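Residue strings, one per chain:
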Amino acid sequence: MPGYRSLFRTPEFTPLFLGSAAQTAAQTVGGLALATLVYRATGSPLLSAVSMFGSSLAQVLGATVLLSGADRLPPRTALSAIALAFAAGTAAQALPGLSPGVLLAVVLLLGLVASLGGGVRWGLLNEILTKDGYLPGRSLFNVMSGLAQIAGFATGGALLTALSPRACLLLAAALYLTAALLWRLGLTARPPRAAGRPSPSVTWRANAELFSSRPRRLTYLGLWLPNGMVVGCESLYVSYAPHAAGTLFACAALGMLAGDVTVGRLLPAAVRARLATPLLLLLAAPYLLFGTHPPVPVAAVCVTVASVGFGASLVQQERLMSLTPDALAGQALGLHSAGTLTLQGVSATAAGVLAQLTSPAAAMTAMAAGSVGVTLALATAARRAPVRPSAEPAPQRTPS
């Protein structure tokens, strides 16, 4: 398996990596700033959670009508255009006088645009790297995401004490512009991976084909549901500890970083393949302690330990790629990304409703218990459907 350093000798990997780092930092700073802006204006845990994670709710619409573009649009153009759209939308959110309703409408619109981004980015990564390079490449992207989130949440939390949330939103818009420039200038003009025009009908047909396999279906559910419910817990950091939310988010990113490095680089394949369920249980179990209303230092430890479990997604993605034809790789990864973000948005909304009716601590405990239950149910179902290596030929399609 290639090492991390060798990946940077691969043409186009470095600009794709650096642009993604800038975009992740923008999402981190901008999300925390927007959630803080909405919470200060409304005092609502629900609206605060939805403002930070609500863009994910629009992913389900994008996954059903736009996702065929992941393999049918030029990657450089698509990535640059998406980053520019986010720069414009984030700058618009910084305008004074906008109501929470307008802010949330912009959040949902940006989520629709973002639904295409995961498939384009990860499909391009799969194209740039060799077959045995995708897992360490994705692991390194996750490591970068963890570091960018640690820096972004720590910096964002500090900036929010010195500057207004609107100033932080403008900083996030500048970071999105940086990502667009890095991709436009650093990537080559590759053609689309598949022939034909993107359309809702092509998206539906490919999604139906991806879901027609029971092992793939279970893998998708394992990628979406347990992870999403735990992100519902994370969406309540601002209302659980308003003055220490940046610290909790940074601790979560630190734990995710540790899990990704361990799973992506340190564990042999035979061990790694058996760890999806234990890691998913680790992801949720520490949040059960929030029912006791732990102080911030204890909560930070729980969050850090739990987030190591996010390393399960690397194991599950490796399994998904082994079950998917190459011609559907971009859409398969886009469906994973869009579905994950959609369930995160749904879970953030559900957690916000529960917190509104009870308390943030009680809602976090309930979401964690749900994640544990879903993980155990999926593990039981998977034992009844043994995995067979996929030898499916690439599907033949006429251009549409």
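See the structure shown above.
Residues numbered from 1 in each chain as written. Predicted model: local features only at pLDDT ≥ 70, side-chain atom pairs only at ≥ 80, totals over all residues. Heavy atoms only, no water.

All right, on to the overall build of the protein then. Scanning the protein for helices and strands turns up 20 helices and zero strands. In terms of C-alpha radius of gyration, the protein reaches 20 Å, essentially the compact-globule figure of 21 Å for 400 residues. Projected onto its principal axes, the C-alpha coordinates of the protein cover approximately 55 × 45 × 40 Å. Looking at the protein residue by residue over its 400 residues, the buried ones come to 55%. Look at the contacts in the protein between residues 6 or more apart in sequence, and 87% of them connect residues 24 or more apart. By element, 70% of the accessible surface of the protein is carried by carbon and sulfur atoms, the whole surface being about 15,600 Å². Across the protein, the 25 positively charged side chains and the 10 negatively charged ones have centroids separated by 4 Å. (Helix = DSSP H or I, 4+ residues; strand = E, 2+ residues; numbered from the N terminus. Rg over C-alpha atoms; globule rule 2.2 N^0.38 Å. Buried < 20%, exposed > 50% of the residue type's maximum accessible area, 1.4 Å probe, protein only. Contact = heavy atoms within 4.5 Å. Areas by Shrake-Rupley, 256 points an atom, 1.4 Å probe, with all protein chains shown as cover. Lys, Arg positive; Asp, Glu negative; His and termini not counted. Charge placed at Lys NZ, Arg CZ, Asp CG, Glu CD.)

It is worth spelling out the nonpolar core at this point. Counting residues in hydrophobic clusters, the biggest one holds 58 residues, and the most contacted among them are Tyr 237, Phe 249 and Tyr 287. No other element matches the eight residues that helix 14 (residues 245-266) contributes to this core. (Core = buried A, V, L, I, M, F, W, Y, C linked by side-chain atoms within 4.5 Å.)

Turning to the packing of helix 6 (residues 75-93) against helix 7 (residues 100-114), a few remarks are in order. Running from N to C, helix 6 and helix 7 point in directions that differ by 175 degrees, and their axes come no closer than 10 Å. Judged by the inter-axis angle, helix 6 sits roughly antiparallel to helix 7. Across the interface between the two elements, Ile 82, Ala 85, Phe 86, Gly 89, Thr 90 and Gln 93 from helix 6 touch Leu 103, Val 106, Val 107, Leu 110, Val 113 and Ala 114 from helix 7. Residues that form the contact of helix 6 with helix 7 fall into these classes: nine nonpolar, three polar and no charged. (Axes fitted to C-alpha atoms, helices over the stretch in contact; angles between N-to-C directions. Parallel < 35°, antiparallel > 145°, perpendicular 65-115°, else oblique. Nonpolar A, V, L, I, M, F, W, Y, C, P; charged D, E, K, R; others polar.)

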